[in-house]
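What follows is the residue order along each chain.
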Amino acid sequence: MKDTIYTIPLTDAFKAEDECPFCFIKRKLEQDAISFTLGCAYMQDDMREITDTMGFCKEHYKKMYEYGNRLGMALILHTHYIKLQKELKKKMDKFTPTSTHFLSKFKKASVSDVASHNTISHWVSAQDKSCYICDSIEKNFKRYMDTFFYLITHNDDFKQLFVNCKGFCVSHFGDILSLSDTSLSNKQKEELYPILFNMMEENLKRIEADISWFIDKYDYKNTDADWKTSKDAIPRGIQKLAGIYVQDPPFKEK
Ligand SMILES: [Zn+2]
Ligand SMILES: [Zn+2]
């Protein structure tokens, strides 16, 4: 694997001094996917066929609505509605109710238990999970992860960037570990895990200290004291745990 189109954005993400370079990448991928979907993709028949079939998740309907381009959104929704009604009609025509056994009426079932026996609710939960934007982010994200593993093991400059970064959010730390199982040799794991674990410990501690000073600043004795690095401790603290940028304004069409 040589330098790819993923190398520069990945290197930039590690230079951005973000709480997690992979959150940084993911936000860019999400914004690119939203601008692509509502920018030009909706006018191409082949792309529309894909969005008609896949639809979008709750989070991305919201983000697409915030982005703007109401006509584009209406066109996407309209053909998706047509496709969805056809599919649902097929499911309803084929539907046979499951028979209710005498005793099962007395058995307490959770919502997910009930759903597991019903073909239409199966179809509905698959619709809920299906999202063109999520899918596009995931495909590209995997390529960035592969590039990451290639670069930390083949490029000393990049390895240095990795060693000096602010660590990763808990969620992307998990992704790195699960992918490292197959992407790294035993020898590479022996070298990288201690660096990565130490990095996570140090950086979680750093954020905890920032949050602690944020709380102390509310003490009247500290009114005039310096904020140090604690002013944005809450958004950074949330990002480190959940991989989201709570302080970001809605992403809008330019
Ligand atoms: Zn992250
Ligand atoms: Zn989505």
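Refer to the structure presented above.
Residues numbered from 1 in each chain as written. Chains lettered and ligands numbered in written order. Predicted model: local features only at pLDDT ≥ 70, side-chain atom pairs only at ≥ 80, totals over all residues. Heavy atoms only, no water.

**Student:** What am I meant to see in the coordination of the zinc ion (ligand 1) here?
**Tutor:** Working reference: metal with six octahedral donors, ideal angles 90 or 180 degrees; metal with four tetrahedral donors, ideal angle 109.5 degrees. Around the zinc ion (ligand 1), the donor atoms from the protein are Cys20 (SG), Cys23 (SG), Cys169 (SG) and His172 (ND1), and they sit 2.0 to 2.3 Å away. The coordination sphere of the zinc ion (ligand 1) comprises four donor atoms, whose angles at the metal cover 99 to 119 degrees; the geometry is tetrahedral. Linear spacing of the donor residues for the zinc ion (ligand 1) on their chain is C-x2-C-x145-C-x2-H. Of the two residues, Cys20 is situated in the loop between α1 (7-15) and α2 (21-39) and Cys169 in the loop between α9 (156-163) and α10 (170-183); the sequence distance between them amounts to 149 residues. (Donors = N, O, S within 2.8 Å, 3.2 Å for Na, K, Ca; no water. Tetrahedral: all angles 85-135°; square planar, octahedral: opposite > 155°, others 65-115°. Helix = DSSP H or I, 4+ residues; strand = E, 2+ residues; numbered from the N terminus.)

**Student:** How should the packing of aromatic side chains be read in this particular structure?
**Tutor:** By convention here, two paired aromatic rings are described through the distance between centres and the angle between planes. Summed over all chains, the structure comprises 19 aromatic pairs. Where Phe148 meets Phe158, the ring centres are 6.2 Å apart and the plane angle is 75 degrees; that geometry is what we call edge-to-face. Residue Phe148 is located in helix α8 (residues 132-154), and its partner Phe158 is located in helix α9; the two are separated by 10 residues in the primary sequence. In this structure Phe148 comes out as buried when scored by relative accessible area, which is 1%. Aromatic side chains Phe148 and Phe168 sit 6.2 Å apart centroid to centroid with 75 degrees between the ring planes, which places their arrangement in the edge-to-face category. A residue pair is termed long-range when its members are at least 10 positions apart, and Phe148 in helix α8 and Phe168 in the loop between α9 and α10 qualify at 20 residues. For the pair Phe148 and Phe168, one class covers both residues: buried. One aromatic cluster is present, formed by Phe14, Phe22, Phe141, Phe148, Phe149, Phe158, Phe162 and Phe168 through successive ring pairs. One cation-aromatic arrangement involves Arg27 over Tyr245; the distance from NZ or CZ to the ring centre is 3.6 Å. The lysine or arginine in question, Lys228, covers the ring of Trp213, its NZ or CZ lying 4.1 Å from the ring centre. (Phe/Tyr/Trp six-rings, centres within 6.5 Å; stacked < 30°, edge-to-face > 60°. Buried < 20%, exposed > 50% of the residue type's maximum accessible area, 1.4 Å probe, protein only. Lys NZ or Arg CZ within 6 Å of the ring centre and 35° of its normal.)

**Student:** Got a minute to help me understand the coordination of the zinc ion (ligand 2) in this structure?
**Tutor:** For the zinc ion (ligand 2), every protein donor is listed as Cys57 (SG), His60 (ND1), Cys131 (SG) and Cys134 (SG), and the spread of their distances is 2.0 to 2.3 Å. Bound by four donor atoms, the zinc ion (ligand 2) shows angles of 100 to 115 degrees at the metal and therefore tetrahedral coordination geometry. Between consecutive donor residues of the zinc ion (ligand 2), the sequence gaps follow C-x2-H-x70-C-x2-C. Linking His60 in helix α4 (residues 58-67) with Cys131 in the loop between α7 (119-129) and α8, this pair joins segments that are 71 residues apart in sequence. Across the pair, exposure class does not vary: His60 and Cys131 are buried alike.

Structural measurements only, silent on function.
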